Amino acid sequence: MTKQLTFERSYRASLKDVWDLWTTKSGIESWWGPGGFAVTVRKLDLRPGGELLYAMTAVGPEQVAFMRDAGMPVTTEARVTYTEVVPLQRLGYVHVADFIPGVAPYDVAHLVELHSSARGEVRMVLTIDAMHDDEWTERAAAGWESELGKLDALLS
Amino acid sequence: MLSDPNRLQIVELLLGDEHAVNDLVARMAIHQSGVSRHLRILEEAGFVRMRAAGSKRLYSLRADRFRELDEWLDRYRELWNARLDSFGEALEQKQRRRAQKRRRSTQ
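Residues numbered from 1 in each chain as written. Chains lettered and ligands numbered in written order. Predicted model: local features only at pLDDT ≥ 70, side-chain atom pairs only at ≥ 80, totals over all residues. Heavy atoms only, no water.

### Section: the packing of aromatic side chains
For any pair of aromatic rings, geometry is given as the distance between the ring centres together with the angle between the planes. Scanning the model with the defined rule gives 11 aromatic pairs over all chains in all. With 5.5 Å between their ring centres and 45° between their planes, A:Tyr11 and B:Phe87 make a pair best called tilted. Here B:Phe87 lies in helix α4 (residues 63-106) and A:Tyr11 lies in strand β1 (residues 4-11), a pairing that spans two chains. B:Phe87 shares its class with A:Tyr11; the two are buried. (Phe/Tyr/Trp six-rings, centres within 6.5 Å; stacked < 30°, edge-to-face > 60°. Helix = DSSP H or I, 4+ residues; strand = E, 2+ residues; numbered from the N terminus. Buried < 20%, exposed > 50% of the residue type's maximum accessible area, 1.4 Å probe, protein only.)

Here it is in structure tokens:
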């Protein structure tokens, strides 16, 4: 069982353009919403401890129908809390994952790291930790992961 | 949920076998009341199940909840892959718009 996700992308762009997409109202609104959803940023307080509040509205016909059938409003609000803000380099935030049926909400930590490469590209690394917690991370480093591998084998 | 060190330890101890509360208490640094409380939390969240054997209450792990967590991670991965595709497109659009503006202003 993995509890960490890592994504890596490279773009021919300036650090500023990439950073702005993560940290400005118009930037966030231009890509954040999943397909069929529009995002409106309602509050953006870019500093450690500050919050990003946004509304996600179903706009695609399929998504609208899905939300309606599920008895959910077409617009839902979400919030992330920034944990680290180093302009053009690092952006950390925590998002409370409260949408897993039957599982108590828990924090998911996200870290975006930007590196400029010699070829004029920006390398972007996104790390998502579903169990953001020092204790957990330490145990993972100590081979906890392999223990959970055994768990899978044991229980499957 | 599992980020609590004591709960994590309980899961660890239950990896191999089902255990009675007393077994767990003997291997942990916290008192029985604490172990019972964490077991109750884990049970409520569906990570652990209890069965009574005589006067003993035996606890074991529930695979389905752990699998659900895995599935959730898979879904989250998909969400982010799609989101990062949009990110790349938004970035390109931004650059294209700027290039157009530049071209217009130099014409």
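Don't stop here, the text continues.
### Quick word on helix α1 (residues 15-23) of chain A
Across the 9 residues of α1(A), 7 count as buried, placing the element largely inside the fold. Looking only at α1(A), the buried set comprises A:Asp17, A:Val18, A:Trp19, A:Asp20, A:Leu21, A:Trp22 and A:Thr23.

### As for the confidence of the model for chain A
All names here are of chain A. A residue-level look at chain A finds 74% of positions with pLDDT of 70 or above and a mean pLDDT of 79. Segment residues 100-104 is flagged for pLDDT under 50; beyond a separation of four residues in sequence, or across chains, it makes 9 contacts in the model. Counting contacts from residues 132-148, a segment whose pLDDT is below 50, to residues more than four positions away or on other chains yields 28 contacts. (pLDDT = per-residue confidence, 0-100. Contact = heavy atoms within 4.5 Å.)

### Description of the side chain of B:His19
Residue and element names in this part refer to chain B. Mapped onto the elements of the fold, His-19 is located in strand β1 (residues 19-20). Of note is the side chain of His-19, whose polar atom sits 3.3 Å from the backbone oxygen of Leu-13. Excluding residues that lie within four positions of it along the chain, His-19 makes contacts with Leu-13, Leu-14, Leu-24, Arg-27, Arg-57, Leu-58 and Tyr-59. (Polar contact = N/O pair within 3.5 Å; in protein donor to acceptor, adjacent residues only side chain to side chain.)

### Re unusual backbone geometry
We note that A:Leu88 has phi near 65°; this positive angle belongs to a residue other than glycine. Position of A:Leu88 relative to the elements: it lies in the loop between β4 (75-86) and β5 (90-97).

### A short note on the confidence of the model for chain B
All names here are of chain B. Residues of chain B with pLDDT of at least 70 account for 96%, and the chain-wide mean is 86. Mean pLDDT across the elements of chain B ranges from a minimum in helix α1 (residues 5-14), with 83, to a maximum in β1, with 92. Model confidence for the complex is summarised by a pTM of 0.66, with the ipTM given as 0.73.

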